[in-house]
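What follows is each chain in one-letter form.
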Amino acid sequence: MIKFIATNKWFKDRHVLKNINLEIAKGEVIVICGPSGAGKSTLIRTINKLEPIDDGEIIVDGMYLSDPKTDLTLLRAEIGMVFQHFNLYPHKSAIKNITLAPRKVRGLSKNQATDRAEKLLDKVGLIHRRDAFPVQLSGGEQQRVAIARSLAMEPKIMLFDEPTSALDPELINEVLDVMTSLAKEGMTMVVVTHEIGFAQKVADRVVFMDDGEILEEGTPPDIFVNPRHQRTKEFMSSVFHIPIFDANQEED
Amino acid sequence: MDLLGQLVNIKFYLLGSYPKGDVGGLLLNIIMALMALGLSFGAGALLGYSRLSCRLYIKIPSMAIVETVRATPLIMIIFWIYFFLPYIFGGNVTLFWSAVVSLAIYAAAYQSEIVRAGIIAVPRGQLEAALSTGMSRYKAMMYVILPQAFRIMLPSFVSFFVSLFKDTSTVFIIGIIELTQAGIIISQREPDKIYAAYVSMGIGFWCVSFAISRVARRLEERIGVFDLESIRPDACRDEFMLLPREKKTGEGMTPAACEPEDSK
């Protein structure tokens, strides 16, 4: 479904993606984790070409991203994206946020789009908030509307760029629940997150990135419990807030 | 009082010598301001949008036009148009049109900057969100960016319109009998009431300018519903700087003292 071949990217002099090779199959849920500045967000944003790459190739659903003839609107219509800061349209109500793209891009009629949007709002548990404006919604609600907005295009792939990082702790679960149910329906998902619990439960594979490189990839237990690299070990110990290297300390 | 004495001239202030001659006075100022605004709106938006283009052959000419006009006093533009337009179109340009065209050129340059600033002020994430749902750049602009940019522009747009309205007084220099010129004529006709004449002109400009900004305030309140988080336009300083209303004394001064004390 998604294939990175020797992908490189620079921001001026900074080498932000170093020789990325990664293949993601249809229906797979991939979690990308790693310290901040590792290039996780950049990596996920290259998939729908919000960030162009400088070298190598990315093939998404048979479309070659380095080919200038690739129709980006077609590509992006098939890829949903959820952002850290939700990016809902503040001048539109929840329902209109969701119906906008299906109407303007897919050419759905108002009724068709509204029906679809209502189903999705129901799915994310917000049908009672259909006419609320983004400022009237909590962070968790905004993010769920944002997920519904992406799903309204019936994408083949969903990208999540730190979807819960800007949320209050008690609002995180409502968003993760929606994502979990989505994963169970067989959606191909690429998720950048620090929510290790979610990753363990849902991810088929975890990719650990540091300094623009993929250091390790494997099943959640591989990465979280038995990481091979020293760097991964350090990161995991700080994420779990437990000194996993020192058994004695745990007994204290 | 002199000022009340000007009431006999009120029709001349407001309409000029209208039924017998051309429309003039305050009404002419309003007409010129509205027409200049109407004519310049499209051009201004286009210029502002062109300045954001990545293509240099679009960006540089629009930049040159805007910067030239902005670096020129309005009175200069009025003279240029007054002298050059008849030269180009063969001497058949009325004073009125020459004035409106000058004001429109001037307005277009300033409006383009308002449009540009408005577009830039929309957060980048909005464009990304729109593009990521498969919208083209054009659709993203039309349905996502511009509606928001317009709300951001509104206050600067209104203050510009008020200043454009007042700037219409400059065209008296080419002999148009708008409010300023009307006042000058009256003050010359009745030199003993010169102060009253100039105060009357001021009152005329003030009333219309004030009315425009009141209407605009209402419009902003209606259109800005989504923006509950920002400071209300009529907020006073104590509210938006989160200053305490009562002056605290003694121990309450430091923020740290407000926090619950640690158990000792």
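Since we're looking at a predicted model, the values are computed, not measured. (Residues numbered from 1 in each chain as written. Chains lettered and ligands numbered in written order. Predicted model: local features only at pLDDT ≥ 70, side-chain atom pairs only at ≥ 80, totals over all residues. Heavy atoms only, no water.)

## Here's the deal with the interface of chain B and chain A
Many analyses report the size of an interface as the accessible area lost when the parts associate. Listed by partner, the interface residues are 21 residues for chain B and 24 residues for chain A. For the pairing of chain B and chain A, the buried interface totals around 2,000 Å² over both sides, and the portion due to carbon and sulfur atoms is 64%. On the surface where chain B and chain A come into contact, there are one salt bridge. Across the pair E128 of chain B and R45 of chain A runs a salt bridge, and its minimum N-O distance is 2.8 Å. Linking chain B with chain A are six residue pairs in polar contact (both at pLDDT 80 or more), by the criterion used here. Residue assignment for the side of chain B that touches chain A shows that the elements contributing at least two residues are α7 (124-132) and α8 (137-167) of chain B. Tallying contributions element by element places α7 of chain B first for the side of chain B that touches chain A, with eight residues. Within the side of chain B that touches chain A, the residues separate by chemical class into nine nonpolar, seven polar and five charged. (Contact = heavy atoms within 4.5 Å. Buried area = accessible area lost by both parts, 1.4 Å probe. Salt bridge = Lys/Arg side-chain N within 4 Å of Asp/Glu carboxyl O. Polar contact = N/O pair within 3.5 Å; in protein donor to acceptor, adjacent residues only side chain to side chain. Helix = DSSP H or I, 4+ residues; strand = E, 2+ residues; numbered from the N terminus. Nonpolar A, V, L, I, M, F, W, Y, C, P; charged D, E, K, R; others polar.)

## Description of the pattern of salt bridges
All names here are of chain A. Across all of its chains, the model carries 24 salt bridges over all chains by this definition. In this structure, K123 engages E185 in a salt bridge whose closest nitrogen and oxygen atoms are separated by 3.0 Å. Of this pair, K123 sits in helix α4 (residues 110-123) while E185 sits in the loop between α6 (169-184) and β8 (188-192), and the two are 62 residues apart along the sequence. Of the residues examined, E185 reaches a relative accessible area of 51% and is grouped as exposed. (Buried < 20%, exposed > 50% of the residue type's maximum accessible area, 1.4 Å probe, protein only.)

## As for the environment of I194 of chain B
Locating I194 of chain B in the fold gives a position in helix α10 (residues 194-223). Along the chain, I194 of chain B and V122 of chain B lie 72 residues apart, while their C-alpha atoms are 50 Å from each other.

## Concerning a nonpolar patch on the surface
Where nonpolar side chains cluster on the molecular surface, the patch consists of I75, M76, W80, F83, F84, Y87, I88, F89 and I173 of chain B and spans about 1,000 Å² of accessible area. Structurally, I173 of chain B can be placed in the loop between α8 and α9 (179-189). (Patch = residues over 30% accessible without salt bridge, like charges linked within 9 Å, V, L, I, M, F, W, Y side chains within 5 Å. Areas by Shrake-Rupley, 256 points an atom, 1.4 Å probe, with all protein chains shown as cover.)

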